[in-house]
Amino acid sequence: MEVLIFPDAQSLARKSADLVESQIKTFPDSVIGLATGSTPLGLYEELIRRHNEHDLSFAGVKTFNLDEYVGIPANHPQSYRTFMDDNLFSKINIESSNTQVPDGMADNPLDVGPAYEKMIEEAGGIDLQVLGVGTDGHIGFNEPTSSLGSITRVKTLTKQTIEDNSRFFKPDEFQPKLAITMGIKTILDARRILLLAHGENKAEAVKDMIEGPLSAMCPASALQLHQRTTILIDETAASKLRLKGYYKFVGEMQDELVRKHRPSDWISR
């Protein structure tokens, strides 16, 4: 697990965009896993800018989103399909047929997970997975106590997650309590993982993820098992780390080594 600490969310977004851009330029047919929520918005805005100003092409890229609510259609304002269309897909040159989001309106939601796993397998697996982390340590909608060996499936959301997301729904509007999410094993099967976190409210989860025990109570701690995970956090999200100074020192040493010997070492495939 590589931990990179940045002074602010803007510099974090630029660095994460550097990594995604390098992946796409090296392998234009990359398969990329994507996340929703406020955390990756800076990354998406930077990728859109580079597409518009520097001709970064997504023509051959395929994407798989982590999750979707059960019970709201794809065109609902709060669906994750709408989120991705509004915040990324409609602003870059990616084929709509190459963008996959779990079907929250399937006749049988229990069938969606196995079908989604098959699509990922047929695409050749995920080269680069982008993640955020919840305040309780969840990744995707893998809530605390989720199996570390889980695959894409229906999950019941915790009260905390429902409360955290209630601000997006009107008081009298239906708010889903179920979601379809990639599993923790599905995430760990990605060849490369980037997890982004910023803000003081993520500091406890970041500490548990990086320095806590491997535990289903903090699903993100499963990333400790992945050989090629990079954690990108700002100073406030890093504020509770005991070894914060050491991570910065490691980052400096790694930069020097990679620059000299393996400039493309982080790229997957």
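A. Broad picture of the sheet that holds strand E8 (residues 178-181). Taken in spatial order, the 3 strands make up an open sheet running E4-E8-E7, and their pairing is antiparallel. In the strand order of this sheet, the two ends are held by strand E4 (67-69) and strand E7 (153-156), each with one partner. Sheet twist, expressed as the mean angle between neighbouring strand axes with direction ignored, is 30°. Pairing of E4 with E8, which is carried by 3 bridges, proceeds in the antiparallel orientation.

B. Main features of helix H1 (residues 9-26). For H1, which comprises 18 residues, the first-to-last C-alpha distance of 26 Å matches the rise-based estimate of 26 Å (1.5 Å per residue) to within 8%. Listing the buried residues of H1 in full gives Ser-11, Leu-12, Ala-13, Ser-16, Ala-17, Leu-19, Val-20, Glu-21, Gln-23 and Ile-24. Where H1 is buried, its residues meet strand E1 (2-6), strand E2 (31-34), helix H2 (41-54), strand E6 (128-131), strand E9 (192-197) and strand E10 (229-234). If you check the start of H1, you find a side-chain oxygen 3.2 Å away from the backbone N of Gln-10, and it comes from Asp-8.

C. Focus on the pairing of E6. Neither face of E6 is open: one carries Leu-128 and Val-130, the other Gln-129 and Leu-131, and all of them are buried. Here E2 pairs with E6 via 2 bridges, running parallel. Within the sheet, the bridge partner assigned to Ile-32 lies in E6 and is Leu-128. Note: E6 against E9, 4 bridges, orientation parallel. Considered in E9, the bridge of Gln-129 is made with Ile-193.

D. Spatial organisation of the sheet that holds strand E5 (residues 99-100). Read from one edge to the other, the open sheet built from 7 strands follows the order E1-E10-E9-E6-E2-E3-E5, with strand pairing classed as parallel. The open sheet is flanked by E1 and E5, the only strands paired with a single partner. The sheet contact formed by E9 and E10 spans 5 bridges and is parallel. Directly across from Leu-196, in E10, lies its bridge partner Leu-232. Packing against the sheet, helix H7 (residues 203-211) makes contact with E1, E9 and E10, and its axis sits at approximately 150° to E10.

E. Layout of the nonpolar core. Grouped together as the largest cluster of nonpolar side chains are 31 residues, with contacts concentrated most on Leu-195, Met-209, Ile-210 and Ile-233. Elements that contribute at least two residues to this core include exactly E1, helix H4 (112-122), E9, H7 and E10. Ranked by residues supplied to this core, first place goes to H7 with 4 residues. Not counting residues within four places of it along the chain, the set of residues in contact with Met-209 comprises Met-1, Leu-195, Cys-218, Ala-220, Ser-221, Leu-223, Gln-224 and Ile-231. Of all hydrophobic cores here, the second largest spans 27 residues; its members include Phe-6, Leu-19, Leu-43 and Leu-88.

F. Local environment of the pairing of E9. In terms of burial, E9 is a largely internal element, 6 of the 6 residues being buried. The β-α-β motif built from E9, the intervening H7 and the parallel element E10 has right-handed crossover chirality.

G. Examining the side chain of His-51 more closely. Examined against the element boundaries, His-51 turns out to sit in helix H2. According to the relative accessible area criterion, His-51 is buried, its value standing at 16%. Contact partners of His-51, with chain neighbours within four places excluded, come to Leu-56, Phe-58, Lys-91, Ile-92 and Asn-93.

Conventions and cut-offs
- Residues numbered from 1 in each chain as written.
- Predicted model: local features only at pLDDT ≥ 70, side-chain atom pairs only at ≥ 80, totals over all residues.
- Heavy atoms only, no water.
- Pairing = 2+ DSSP bridges.
- Helix = DSSP H or I, 4+ residues; strand = E, 2+ residues; numbered from the N terminus.
- Axes fitted to C-alpha atoms, helices over the stretch in contact; angles between N-to-C directions.
- Expected span 1.5 Å × (residues − 1).
- Buried < 20%, exposed > 50% of the residue type's maximum accessible area, 1.4 Å probe, protein only.
- Contact = heavy atoms within 4.5 Å.
- Polar contact = N/O pair within 3.5 Å; in protein donor to acceptor, adjacent residues only side chain to side chain.
- Core = buried A, V, L, I, M, F, W, Y, C linked by side-chain atoms within 4.5 Å.
- Right-handed = clockwise from strand over helix to strand, strands pointing away.

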